[in-house]
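# Survey of secondary and tertiary structure
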Amino acid sequence: MLHCWDGARFPPGGTISIPAKEFNLGFIRPVNSVSHGLRVFTCPLVNVRDALNQAMDEELERDERVFLLGEEVAQYDGAYKVSRGLWKKYGDKRIIDTPITEMGFAGIAVGAAFAGLRPICEFMTWNFSMQAIDQVINSAAKTYYMSAGAQPVPIVFRGPNGSSAGVAAQHSQCFAAWYGHCPGLKVVSPWNSEDARGLLKAAIRDDNPVVFLENELMYGVPFDLSEDVLQKDFVVPIGKAKVERRGTHITLVSHSRCVGFCLDAASVLAKEGVECEVVNLRTIRPLDVDTIEASVMKTGHLVTVEGGWPQYGVGAEICARVMEGPAFNYLDAPAVRVTGVDIPMPYAKILEDHSVPQIKDIIFSVKKVLNM
Amino acid sequence: FSWTCLFYTTHFYHTLLNKPEMQYEMETSSSNLSAVLTREQGLQYYRTMQTMRRMELKADQLYKQKIIRGFCHLYDGQEACAMGIEAGINPTDHLITAYRAHGYTFTRGVSVREIMAELTGRRGGVAKGKGGSMHMYAKHFYGGNGIVGAQVPLGAGVALACQYQGNNQVCVALYGDGAANQGQIFESFNMAALWKLPCIFICENNKFGMGTSVERSSASTDYFKRGDYIPGIKVDGMDVLCVREAIKFAADYCRAGKGPIVMELETYRYHGHSMSDPGVSYRSREEIQEVRSKSDPITMLKERMLSNNMASVEEIKEIDVDIRKVIEDAAQFAISDPEPPLDELCNHIFANDLPMEVRGTNPWVKLKSVS
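Criteria and thresholds
Residues numbered from 1 in each chain as written. Chains lettered and ligands numbered in written order. Predicted model: local features only at pLDDT ≥ 70, side-chain atom pairs only at ≥ 80, totals over all residues. Heavy atoms only, no water. Helix = DSSP H or I, 4+ residues; strand = E, 2+ residues; numbered from the N terminus. Rg over C-alpha atoms; globule rule 2.2 N^0.38 Å. Buried < 20%, exposed > 50% of the residue type's maximum accessible area, 1.4 Å probe, protein only. Contact = heavy atoms within 4.5 Å. Lys, Arg positive; Asp, Glu negative; His and termini not counted. Charge placed at Lys NZ, Arg CZ, Asp CG, Glu CD. Areas by Shrake-Rupley, 256 points an atom, 1.4 Å probe, with all protein chains shown as cover. pLDDT = per-residue confidence, 0-100. Expected span 1.5 Å × (residues − 1). Pairing = 2+ DSSP bridges. Axes fitted to C-alpha atoms, helices over the stretch in contact; angles between N-to-C directions. Salt bridge = Lys/Arg side-chain N within 4 Å of Asp/Glu carboxyl O. Buried area = accessible area lost by both parts, 1.4 Å probe. Polar contact = N/O pair within 3.5 Å; in protein donor to acceptor, adjacent residues only side chain to side chain. Nonpolar A, V, L, I, M, F, W, Y, C, P; charged D, E, K, R; others polar. UniProt positions renumbered as here; feature names shortened; annotations may be inferred. Phe/Tyr/Trp six-rings, centres within 6.5 Å; stacked < 30°, edge-to-face > 60°. Lys NZ or Arg CZ within 6 Å of the ring centre and 35° of its normal. Core = buried A, V, L, I, M, F, W, Y, C linked by side-chain atoms within 4.5 Å.

### Some details on the overall build of chain B
Counting its secondary structure elements, chain B contains twelve helices and twelve strands. Relative to its length of 371 residues, chain B is compact, with a C-alpha radius of gyration of 21 Å against a globular reference of 21 Å. Burial statistics for chain B: of 371 residues in total, 58% are counted as buried. For chain B, contacts bridging at least 24 residues in sequence account for 72% of all contacts bridging at least 6. Within chain B, one finds 40 positive and 43 negative side-chain charges whose respective centroids are separated by 4 Å.

Encoded structure:
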């Protein structure tokens, strides 16, 4: 059954003709699952991978200072095929395969940004960024401040972040909290194709270092993109969260893949009469506290949901901010976090499945907070 | 009468090369290993190096008076490196170095006033007091970098931008003997050679990485050979003309699209690693004295000019007096200029952005940040 966020129901399968205007107003959104994809003849289904690919393609075309470098981005079409076709179109000068030397090529990317280019530096996964983290923080993030505005650093670091499937501990860490900690960086974490497209365009056009946290498991997930979103100048503003689902009883704040889980949990809870408001952070830093506070002030209850570890994490920051601001007085219960389990990621499927937040964990936490 | 130029014909720099074919190239292309020094150049180099020397000694003084605080890594003794490099490249070329950067900040065009005011942390400093000793920037000068070795990939990246933009410019990326063992330097060598980046990698070997001599830190102290597949030149870094000619050769090589080049400048620092290091626990005072008396770069240049009648003793004295005035004036400014205003504390986080709010030390303190 396809659920619409305002409670209407549509029969499964088949096509529905919806006036483009009504669709663009966001009344109807597909659930985060291929089987529930809503096909509308005016709007194409674009998966996150293709959204990222198109965004890069358009920005490469728009500004010749933009270039992409990283491992396997060129002739291999990208380790996860995100840069498919770009090398064929733009050639060696703009799409550069690097040796396996993160610290070196991240530094080279930052140096190129110093000297006026606009690099996109891909880390095959954000786990490998630890090799280069000094260049991201000390050379990129801090330079504009240390130089008192003399040296901007227009660079995008991107790659898949967080857990995947069966890749074990060294390849599954979420870096939202680590990079979100640092002034001088913008940190974004898209969920769906619209987020991916709009935020990547915004990141590339931004004159500052942007950490762009993708999610490997989201690459293949399709979403409808409206006409507006497909415009060449469509950007999603960095620093603004989006309310994906309106609700009145409780606020769920999340980012990246977990947004989809929140929406799924919300559908299930709706059957029991609990209406969840789901906030998609889109940006980790700067955090859109205003949107979160407005929602909490409306619902009086807060659960944050993230894939990363709990200690010193994104959820911890959200709770602290809510405590320190006007929304605290509207809370009817303590704010609570749903997070990954505080362990290195195990390999076996059953263990891995129980190391990350599941929909049932979100539902359980919501009911606890609402004292149901 | 005219004192126009001095023509060196004898073996004026020790060219130790790691590739025999490089030796051949250098012999045939650089006119019998000779250099021409005109009077104007000589006076200019003298003035610049002496200014650097006096500036660093003044910084020493101010640090001991606690007017400069934190880190202060002084460059006195190594002036010929900075001067020779600047003389061999164009202002439109690029340069990046590590934290012993005051000399380069000057040769790359920042005034002594702005350098000293940055050291004292005042609003008139080149980074408005926000960077300090290790974070000074100028056009085509990318600092001033505090993390040992990190500047080398950055320099290779600047070189990539030069190649990408096809502007015929080169980037000089400097590092010390201590940094020469950093993995990221070898990563930079690899990519620079692979992609033929116009990057001149220069190791300023002053024999000590902080308190560790090169023999105790490096399995191979032939830093000019560390580039392996990249040609390397070893140069007497105390002789400004040697440095200049070597850089000219290197810059031409890079501009011709032949790829990167590695250079080792043999030099010496009179001060310790920083102001908190007296510099005599790991080397003898006699050693320091010997270098001062036999190989001081400024003395060597002065004596060359005097003995070849390119300048008179009075002229040199006049320049010295003039420099003293410049330094005094700069120090006065650096001491009297006010500190940066508190309401600018949070500025310069992001470029070309709308003003934003920054959290202060507690939730009630909301500070403003503009680009």
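### Remarks on the overall build of chain A
Secondary structure assignment for chain A yields 13 helices and 16 strands. Residues classed as buried in chain A amount to 60% of the 372 residues present. In chain A, the share of contacts with a sequence separation of at least 24, taken over all contacts with a separation of at least 6, comes to 79%. Of the accessible surface of chain A, which amounts to about 14600 Å², a share of 55% is contributed by carbon and sulfur atoms.

### Structural notes on the confidence of the model for chain B
Residue and element names in this part refer to chain B. Across chain B, the average pLDDT comes to 92, with 91% of residues at 70 or higher. Overall, residues 1-14 carries pLDDT values under 50, and its contacts beyond four positions in sequence, including any with other chains, amount to 43 contacts. Ignoring residues within four places in sequence, the model shows residues 28-32, a span with pLDDT below 50, making three contacts including any to other chains. The ipTM value of the predicted complex is 0.93, and its pTM value is 0.91.

### Considering helix α12 (residues 313-336) of chain B
Across its 24 residues, α12 of chain B extends 35 Å between first and last C-alpha, which sits within 8% of the 34 Å expected from 1.5 Å per residue. Taken as a whole, α12 of chain B has its buried residues at Glu315, Ile316, Ile319, Ile323, Ile327, Ala330, Ala331, Phe333 and Ala334 of chain B.

### Looking at the sheet that holds strand β9 (residues 210-214) of chain A
Strand pairs in the sheet, formed through backbone hydrogen bonds, run parallel or antiparallel to each other. Residue and element names in this part refer to chain A. Strand order in the open sheet made by the seven strands is β5-β4-β6-β7-β9-β8-β14, with mixed pairing throughout. Both outer strands of the open sheet, β5 (95-97) and β14 (283-285), are each paired with one neighbouring strand and no more. The mean inter-strand angle of the sheet, taken between neighbouring strand axes irrespective of direction, is 20°. Where strand β8 (residues 186-188) lies against β9, three bridges are found, and the strand directions are parallel. Across the sheet, the residue bridging to Val188 is Phe212, located in β9.

### Regarding the pattern of salt bridges
Residue and element names in this part refer to chain A. This model, assessed by the stated rule, comprises 42 salt bridges over all chains. The partner of Glu272 in a salt bridge is Lys367, and the shortest N-O contact between them spans 3.0 Å. Here Glu272 is found in the loop between α9 (257-271) and β13 (276-280), whereas its partner Lys367 is found in helix α13 (residues 359-369), with 95 residues between them in sequence. Put simply, Glu317 and Arg321 hold a salt bridge, and the shortest N to O gap is 2.6 Å. With Glu317 and Arg321 both in helix α11 (residues 314-324), this residue pair falls four residues apart, about one helical turn. The partly exposed category is assigned to Glu317, whose relative accessible area is 37%. A relative accessible area of 30% means that Arg321 is categorised as partly exposed. It is possible to trace a salt-bridge network through shared partners that takes in Glu58, Glu59, Arg62, Arg197, Lys201, Arg205 and Asp233.

### Here's the deal with helix α5 (residues 133-141) of chain A
Burial analysis of α5 of chain A places seven of its nine residues in the buried class, the great majority of the element. Among the residues making up α5 of chain A, those that are buried are Asp134, Gln135, Val136, Ile137, Ser139, Ala140 and Ala141 of chain A.

### Observations regarding the interface of chain B and chain A
Taken together, the contact pairs 35 residues of chain B with 43 residues of chain A. For the pair chain B and chain A, the summed buried surface comes to about 3400 Å²; carbon and sulfur atoms form 66% of the total. Of all residues in chain B, Tyr137, Tyr164 and Phe350 of chain B give up the largest surface area on contact with chain A, accounting jointly for 21% of the area buried on that side. Taken together, the links from chain B to chain A amount to two salt bridges. With a shortest N-O distance of 2.3 Å, Arg359 of chain B and Glu324 of chain A are connected by a salt bridge. For the pair chain B and chain A, the interface holds 15 residue pairs in polar contact (both at pLDDT 80 or more). Broken down by secondary-structure element, the contributors of at least two residues to the side of chain B that touches chain A are α6 (151-165) and α7 (183-195) of chain B. When the residues that make up the side of chain B that touches chain A are grouped by side-chain class, the tally is 20 nonpolar, ten polar and five charged.

### Considering the UniProt feature "domain: Transketolase-like pyrimidine-binding" (unreviewed entry) in chain A
Taking the numbering used here, the UniProt-annotated feature "domain: Transketolase-like pyrimidine-binding" (unreviewed entry) corresponds to residues 46-221 of chain A. A helix fraction of 39% and a strand fraction of 16% characterise residues 46-221 of chain A, whose end C-alpha atoms lie 8 Å from each other.

### Examining the packing of aromatic side chains
Following the criterion strictly, the structure yields 16 aromatic pairs over all chains and no others. Centroid distance Phe208 of chain B to Tyr282 of chain B: 5.1 Å. Interplanar angle 50°. Geometry classified as tilted. Highlighted residues: Phe208 of chain B in strand β7 (residues 208-209) and Tyr282 of chain B in the loop between β10 (261-266) and α10 (285-295), separated in sequence by 74 residues. There is no split in this pair, since Phe208 of chain B and Tyr282 of chain B are both buried. Between Tyr268 of chain B and Tyr270 of chain B the ring centres are 6.4 Å apart and the planes differ by 55°, which places this aromatic pair in the tilted class. Judged by relative accessible area, which is 4%, Tyr270 of chain B ranks as buried. One aromatic cluster is present, formed by Phe105, Phe123, Trp126, Phe157, Phe175, Trp178 and Tyr179 of chain A through successive ring pairs. We note Lys81 of chain A situated over the ring of Tyr76 of chain A; from NZ or CZ to the ring centre the distance is 4.1 Å. Here the basic side chain of Arg113 of chain B rests over the ring of Phe333 of chain B, its NZ or CZ set 4.1 Å away from the ring centre.

### Section: the nonpolar core
Formed by 77 residues in total, the largest nonpolar core has its most connected members in Phe123, Phe157, Tyr179, Leu185 and Ile318 of chain A together with Tyr175 and Phe201 of chain B. Those residues in contact with Tyr179 of chain A that lie beyond four places of it in its chain are Trp126, Ser129, Ile133, Val136, Ile137, Leu185, Val187, Val211 and Arg285 of chain A. Counting 66 residues, the second-largest nonpolar core is a separate cluster that includes Val110, Phe141, Val172 and Val235 of chain B.

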